[in-house]
Amino acid sequence: MKYIINGGKKLFGKVKIDSAKNAILPVIAATIMCDEECVIKDIPLYLDVVEMCAILEKLGKKVEVKENNLIISGAISSTSVIMAETKTLRSSIFMMGSILSNYRKAIFTYPGGCDIGKRPIDIHLAGLKSLGVKFSFANDLIYCDANKISGNTIELSFPSVGATENIMMASTLIENGITVIKNCAREPEIVDLANFINSMGGKVFGAGYETIVVFGVKKLHGTEYRCISDRISTGTYLLAGAICLGRIEVCNVNPNFLLPLIVFLRNSGCNIELFSDKIILENFSRPKSIEKIETGIYPGFPTDMQSLILVLQTISKGTSIIHETVFESRFRVVSELAKMGAKINISERYATVVGVSKLKPAIVTCPDLRGGAGLVLAGLSAKGKTEVGEIFHIERGYYKFDENLRNLGANIERIK
Ligand code: EPZ
C-alpha cells in the first residue's frame with residue numbers, strides 16, 4: 001500500500017483525536033490479569049491494536065469489537081507468547097508483567113517494534129528479577145518463573161516507559177506485596193494504565209511522578225474504560241497545519257500533554273489558541289527555524305514527535321539543531337527527506353537542518369512509524385505528486401490518517 005499525495009495545498013478544518021495507541025496497548029496487556037469482561041470504549045483499530053488482539057486471542061482470550069468498543073474476556077489457556085506477531089510488536093513484551101502477575105510462568109520471544117534502535121529489554125528483566133522472577137534463556141526464548149514473586153523496591157536505571165508498565169503490572173496481583181518503583185517513566189500513558197488497573201480493583205499509586213507504589217491485591221474484576229487521546233497524533237495534525245499553512249482545530253485533546261510542542265510552534269510563528277479539550281493552530285507564513293530542539297523523557301519534548309518537527313524545520317527560515325537523546329537511530333527518515341530537497345546533516349545523535357523555502361515532490365519509502373508520518377507531511381507541503389510507500393508503518397499508529405487529512409483539504413489517496 002502507498003499514499004499518492006498532490007501537495008502544495010493549505011489545510012483547513014477539524015480533526016477529532018482518537019484514543020492513544022501507547023495507552024491502549026498496555027491496557028490490552030493488562031486485561032490478561034482479569035478473567036471477567038473488560039470493555040475498552042471507542043477503540044481506534046491501529047494495526048498495532050489489531051496485532052495485540054491477535055496475540056490475546058492466540059493465548060485463549062475472547063476478543064471482539066462491538067460498536068467501536070473492544071470487549072475482552074476469559075482466561076488465557078497458554079502462557080507462551082511466541083507467535084509471529086511478537087516479532088513486529090514492541091508492546092507484546094508488556095504481556096510479560098501481566099501474565100506473570102496472574103499465571104506466575106511464561107515463555108517469550110524477544111519483542112520487535114520500530115527500527116529506531118536496539119530496543120533492549122534489560123531494564124524490564126532487571127526489574128522483574130528484583131520481584132523474584134527467575135529467567136532462563138535458550139533458542140532465542142525467555143523462560144520466566146514467577147512462583148516466588150514478591151513485592152520489592154526497584155530503582156530503574158533509566159525511566160523506561162515499557163519497563164515501568166511491565167513492572168507495574170507484574171506487581172499488581174502480588175497479594176499483600178508492596179512494590180516501590182523508583183525513577184519510573186511519567187508519561188500520561190503510564191497514568192492511564194494505572195487508572196485502568198485501579199478501575200479493575202488494583203491499587204497503583206503515584207503514576208505520573210518519579211515513584212510509583214503498588215499494593216498487590218488478590219483478584220481484579222471486569223471494567224469499562226476509555227483511554228486518553230493520542231498526544232502524538234495531536235502533534236502530527238498541528239504540525240501538518242504549521243508546515244502546509246492554514247487553520248487546524250484538533251478536538252478531544254489535553255493541551256497539558258503537549259506543552260513543549262506548543263511552545264515550539266508559537267516560537268515558529270504559529271498562532272495557537274488553547275482550550276480545555278481542543279487546540280486551534282493558525283499559520284499563514286513560512287515558519288521560523290527553532291534553533292535547538294532536544295528530545296527527552298516526559299515531560300520533555302517527546303521523541304515520537306522528533307521526525308515530525310524535523311520536517312517543519314526543513315522548510316523553516318534559518319537553521320535548527322535537533323538532538324535525539326532517547327533512541328540511538330531515529331534519523332532514518334533523513335535520507336528520504338533528502339530526496340525531496342531537504343538540507344539535513346547528521347552527526348551521531350544530532351541533525352543540523354538548514355531550512356529551504358520549498359520541498360520537491362518525490363517517490364519515498366517509510367522507514368518507521370513516525371518517520372513515515374513525517375514523509376506524508378513533507379509530501380503535503382511539496383507542490384506536485386509525492387508517492388509514500390510501505391505505509392503499513394504509518395497505519396500501525398495512525399487511524400484513518402488519509403481520511404482525516406482529506407477532511408482538512410489534503411489531496412491524498414491510499415492505493416495498492
Ligand atoms: C515506548 O516505547 C513507546 N511505545 C514508544 O513509542 C516511545 O518512543 C517510547 O516509549 C519512549 O517514549 C509504546 O508505548 C508501545 P522505552 P518503549 O523503554 O517502552 C532504552 C511510537 O512511535 N531501553 O522508554 O520501548 C531504549 O532502547 C513508539 O509510538 C533500554 O535500554 O521505550 C530507548 O533508548 C516508538 N532497556 C530508551 O530506553 C530497556 O529494557 C527508551 O525506551 C528498555 C528501554
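Residues numbered from 1 in each chain as written. Predicted model: local features only at pLDDT ≥ 70, side-chain atom pairs only at ≥ 80, totals over all residues. Heavy atoms only, no water.

Moving on: the packing of aromatic side chains. Counting across every chain of the model gives 9 aromatic pairs. Among the aromatic residues, those joined into a cluster by ring pairs are Tyr3, Tyr237, Tyr398 and Phe401. A cation over an aromatic ring shows up here: Lys278 above the ring of Phe275, its NZ or CZ 4.8 Å from the ring centre. (Phe/Tyr/Trp six-rings, centres within 6.5 Å; stacked < 30°, edge-to-face > 60°. Lys NZ or Arg CZ within 6 Å of the ring centre and 35° of its normal.)

In this section: the domain arrangement of the chain. Partitioning the chain into domains gives domain 1 (2–18 + 229–415) and domain 2 (21–225). For domain 1 versus domain 2, the distance between C-alpha centres works out to 31 Å. In this assembly, 22 residues from domain 1 lie in contact with 22 residues from domain 2. Carbon and sulfur atoms supply 55% of the area buried between domain 1 and domain 2, which totals about 2,100 Å² over both sides. Considering only the surface of domain 1 that becomes buried against domain 2, Tyr298, Arg396 and Tyr399 emerge as the three largest contributors, covering 32% of it. Of the charged contacts, one joins Arg231 and Glu189 as a salt bridge, the two residues approaching to 2.8 Å between their closest N and O atoms. (Domains from an automatic or database assignment. Contact = heavy atoms within 4.5 Å. Buried area = accessible area lost by both parts, 1.4 Å probe. Salt bridge = Lys/Arg side-chain N within 4 Å of Asp/Glu carboxyl O.)

Next up on the list: the site of the ligand. Among the 21 residues in the neighbourhood of the ligand, the closest are listed as Asp122, Ile123, Ser160, Asp304 and Val326. The side chain of Asp304 places a nitrogen or oxygen atom 2.5 Å from an oxygen atom of the ligand. Taking Arg330, its side chain carries an N or O atom lying 3.2 Å from an oxygen atom of the ligand. Relative to its unbound accessible surface of 830 Å², the ligand loses 91% to contact with the protein. (Near = heavy atom within 4 Å. Polar contact = N/O pair within 3.5 Å; in protein donor to acceptor, adjacent residues only side chain to side chain. Areas by Shrake-Rupley, 256 points an atom, 1.4 Å probe, with all protein chains shown as cover.)

What follows is about the sheet that holds strand β20 (residues 343–347). Sheet architecture is open: 4 strands sit in the order β18-β19-β21-β20, paired in mixed fashion. The sheet is open, and its two edges are formed by β18 (292–294) and β20, each paired on a single side. This sheet shows a mean twist of 15° between the axes of neighbouring strands, independent of strand direction. Bridge analysis of strand β19 (residues 319–323) against strand β21 (residues 350–354) gives 5 bridges, and the strand direction is antiparallel. For Ser320, the partnering residue across the bridge sits in β21 and is Val353. (Pairing = 2+ DSSP bridges. Helix = DSSP H or I, 4+ residues; strand = E, 2+ residues; numbered from the N terminus. Axes fitted to C-alpha atoms, helices over the stretch in contact; angles between N-to-C directions.)

The next point concerns the packing of helix α4 (residues 94–103) against helix α6 (residues 161–172). Between two packed helices, the angle of one axis relative to the other and the distance separating the axes together describe the packing. Between α4 and α6, the shortest axis-to-axis distance is 7 Å and the interhelical angle comes to 10°. Relative to α6, the element α4 lies roughly parallel. Facing α4, whose interface residues are Phe94, Met95, Met96, Gly97, Ser98 and Ser101, α6 presents Gly162, Glu165, Asn166, Met169, Ala170, Ser171 and Thr172. For the contact of α4 with α6, the per-class residue count stands at 5 nonpolar, 7 polar and 1 charged. (Parallel < 35°, antiparallel > 145°, perpendicular 65-115°, else oblique. Nonpolar A, V, L, I, M, F, W, Y, C, P; charged D, E, K, R; others polar.)

As a further point, take the pattern of salt bridges. Per the stated rule, a full pass over the model turns up 16 salt bridges. A salt bridge links Lys62 to Glu64; the nearest nitrogen and oxygen atoms lie 3.0 Å apart. Overall, the relative accessible area of 25% leaves Glu64 in the partly exposed class. Three or more residues are tied together by salt bridges with common partners; here these are Lys14, Arg247, Glu249, Lys278 and Glu282. (Buried < 20%, exposed > 50% of the residue type's maximum accessible area, 1.4 Å probe, protein only.)

Our focus in this paragraph is the nonpolar core. Counting residues in hydrophobic clusters, the biggest one holds 76 residues, and the most contacted among them are Ile28, Met95, Met96 and Met168. Among the elements that take part in this core, helix α1 (residues 21–30) stands out by supplying 7 residues, more than any other. In this structure, Met95 is in contact with Ala29, Ile32, Met52, Ile55, Leu56, Leu59, Val81, Phe108 and Asn166, ignoring residues within four places of it in sequence. By size, the runner-up hydrophobic cluster in this structure holds 70 residues, among which are Phe264, Val333, Leu359 and Val364. (Core = buried A, V, L, I, M, F, W, Y, C linked by side-chain atoms within 4.5 Å.)

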